[in-house]
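Chain residues, written in single-letter form:
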Amino acid sequence: MSKTVTARAHTNIALVKYWGKKDPKLMLPQNGSISLTLDHFYTQTSVTFDSNLNRDQIYFDDQLLPATKSRRISRFLDLVRQQSGAEAYAAVHTENHVPTSAGLASSASGFAALAGAASRAAGMNLDNTALSRLARRGSGSATRSIFGGFVEWHAGHDDASSYAEVLQDPIDWDIQMIAVVLKATRKPISSTAGMARVVKTSPYYPAWVKTAKTDLKRMRRAITAKDLTTVGQIAETNAMRMHALNLSAQPAFNYFTAATLTAINAVTDLRAHGVNCYYTLDAGPNVKIICAGKDTDVIKTALQRHFAPEQLIVAKPGPGITFTETE
Ligand code: 2P0
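Residues numbered from 1 in each chain as written. Predicted model: local features only at pLDDT ≥ 70, side-chain atom pairs only at ≥ 80, totals over all residues. Heavy atoms only, no water.

1. With respect to the site of the ligand
Residues in contact with the ligand amount to 18 residues; listed here are only the nearest, Y18, K21, R72, S139 and T192. Contact between the ligand and Y18: an oxygen atom at 2.6 Å from a side-chain N or O atom of the residue. Contact between the ligand and T192: an oxygen atom at 2.7 Å from a side-chain N or O atom of the residue. Coverage of the ligand by the protein chains reaches 93% of its 470 Å² of free accessible surface. Sorting elements by how many residues they give to the shell around the ligand places helix α4 (residues 191-201) first, with 3 residues. Residue assignment places the shell around the ligand across two domains, with domain 1 (4-172 + 318-326) and domain 2 (176-315) each supplying three or more. (Near = heavy atom within 4 Å. Polar contact = N/O pair within 3.5 Å; in protein donor to acceptor, adjacent residues only side chain to side chain. Areas by Shrake-Rupley, 256 points an atom, 1.4 Å probe, with all protein chains shown as cover. Helix = DSSP H or I, 4+ residues; strand = E, 2+ residues; numbered from the N terminus. Domains from an automatic or database assignment.)

This is the structure we're talking about:
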């Protein structure tokens, strides 16, 4: 039995979004993206390569997954074996630290933690840039979860040039997100399949790629200037453009529920009353409110007209990946 490595990676929410691949095998995105890593939600994963195993064993919260449900993880472990020369199968133990059924346990923190723990357990000693390239092969958004604070994933044109780096960490100004956790109905389509359909069928896709480039430039400047208003405005518009792609796909799809629209409208109303807050949405019904910590109470009070207090979770900027090793 070899050493066990445990990695903890936090989830991230994109402010300028990744929504489409130009190379599905290498997981190269159509455009770059910028995110904020959050403190509140993370995945902790331990990996041990063990020559006594006759297949990879993947445990989620101590439950062994059947092979049919762990194929994507096993394929990722194959890539680690290929890159490291390790031959043994692996035991993988994963815990998602997110509120029950929050629907925020994205593959971002999951594949970032797996990439970190598996590569180290296999004896690779990757720096964080190389680790972000490896995490990308598991899931696009995981590329960014290697780092804390504001992070940019450079789209690149091949494996070497598509990686993430820190734009700003630590963050010494007042910015946070309030996650509005809504009941998940069945996901209409996975992120992977949804973005592939959009690239193929939305007549607006070329405009998305073009405007994303402008958004990236403006977002970098707004982060440097510590300008919450501009960060929020760009993020909100960018999110709605992403969802407009889904509405314009053939066949169309969306991730909204009625409660999603209630939350969006509540944020718009708050803003009309002078509260500086903005929303963003990913591939699910939850709404994330971008705001300053000083406005937490007024925003929570307004949202509690529609939602229970436990549906509103305040998350601050979070750290990059961390490791512990045991022999
Ligand atoms: C993002 N999302 O930038 C975008 C915005 C959701 C909406 O990346 O196919 O799980 O594994 O690369 O990363 C979610 O999709 O998809 C995502 P794959 P992923 O955060």
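2. Observations concerning helix α1 (residues 71-84)
Its 14 residues place the ends of α1 20 Å apart at the C-alpha level, agreeing with the 20 Å of an ideal helix rising 1.5 Å per residue. Listing the buried residues of α1 in full gives I73, S74, F76, L77, L79, V80 and R81. Where α1 is buried, its residues meet β4 (33-50), β5 (57-60), β7 (89-97), α2 (107-121) and α3 (128-138). Note on α1: the residue one or two positions beyond its end, G85, has a positive phi of about 85°. (Expected span 1.5 Å × (residues − 1). Buried < 20%, exposed > 50% of the residue type's maximum accessible area, 1.4 Å probe, protein only. Contact = heavy atoms within 4.5 Å.)

3. Some details on the nonpolar core
When a protein is soluble and globular, its nonpolar side chains tend to lie buried together. Within the largest apolar cluster, 50 residues are counted, with the highest numbers of intra-cluster contacts made by W19, V47, F49 and L77. The element best represented in this core is α2, accounting for 8 residues. Here this core gathers at least three residues from each of two domains, domain 1 (4-172 + 318-326) and domain 2 (176-315). Apart from the residues within four sequence positions on either side, F49 is in contact with S2, L77, V80, R81, A88, Y89, A90, A118, A121 and A122. Judged by nonpolar contacts, the second largest core, of 28 residues, contains I13, V16, L36 and I223. (Core = buried A, V, L, I, M, F, W, Y, C linked by side-chain atoms within 4.5 Å.)

4. Here we look at unusual backbone geometry
Each neighbour pair has its own omega, and for D169 with P170 the value is 5°, a cis peptide bond. If you trace the backbone, P170 turns up in the loop between β9 (164-168) and β10 (176-180). With omega at -5°, the peptide bond leading from Q250 into P251 counts as cis. Assignment of secondary structure puts P251 in the loop between α6 (228-247) and α7 (258-272). With a phi close to 60°, M27 is a non-glycine residue in the positive phi region. Residue classification places M27 among the buried residues on the basis of a relative accessible area of 10%. Look at K226: it is not a glycine, yet its phi comes out positive at around 55°. On the secondary structure map, K226 appears in the loop between α5 (205-224) and α6.

5. Focus on the domain arrangement of the chain
Taken domain by domain, the chain holds domain 1 (4-172 + 318-326) and domain 2 (176-315). The C-alpha centroid of domain 2 is placed 23 Å from the C-alpha centroid of domain 1. In this complex, domain 1 contributes 30 residues to the contact, which on the side of domain 2 involves 39 residues. Each partner contributes to the roughly 2,800 Å² buried at the junction of domain 1 and domain 2, and carbon and sulfur atoms together form 70% of this total. The largest share of the area that domain 1 buries against domain 2 comes from L15, K17 and W19, three residues that together contribute 32% of it. Linking domain 1 with domain 2 are 9 residue pairs in polar contact (both at pLDDT 80 or more). Listed by contribution, the elements that provide at least two residues to the side of domain 1 that touches domain 2 are β1 (4-16), β4, β8 (150-153) and β9. Here the side of domain 1 that touches domain 2 gets 7 residues from one element, more than from any other, and that element is β4. (Buried area = accessible area lost by both parts, 1.4 Å probe.)

6. Looking at the pattern of salt bridges
Under the definition given, this model contains 12 salt bridges. In this structure, E325 engages K3 in a salt bridge whose closest nitrogen and oxygen atoms are separated by 3.7 Å. Of this pair, E325 sits in strand β14 (residues 322-326) while K3 sits in the segment before β1, placing them 322 residues apart in sequence. Across the pair E152 and R220 runs a salt bridge whose closest N-O atoms are separated by 2.7 Å. Pair noted here: E152 is in strand β8 and R220 is in helix α5, with a separation of 68 residues, a long-range link. Three or more residues are tied together by salt bridges with common partners; here these are K3, R120 and E325. (Salt bridge = Lys/Arg side-chain N within 4 Å of Asp/Glu carboxyl O.)

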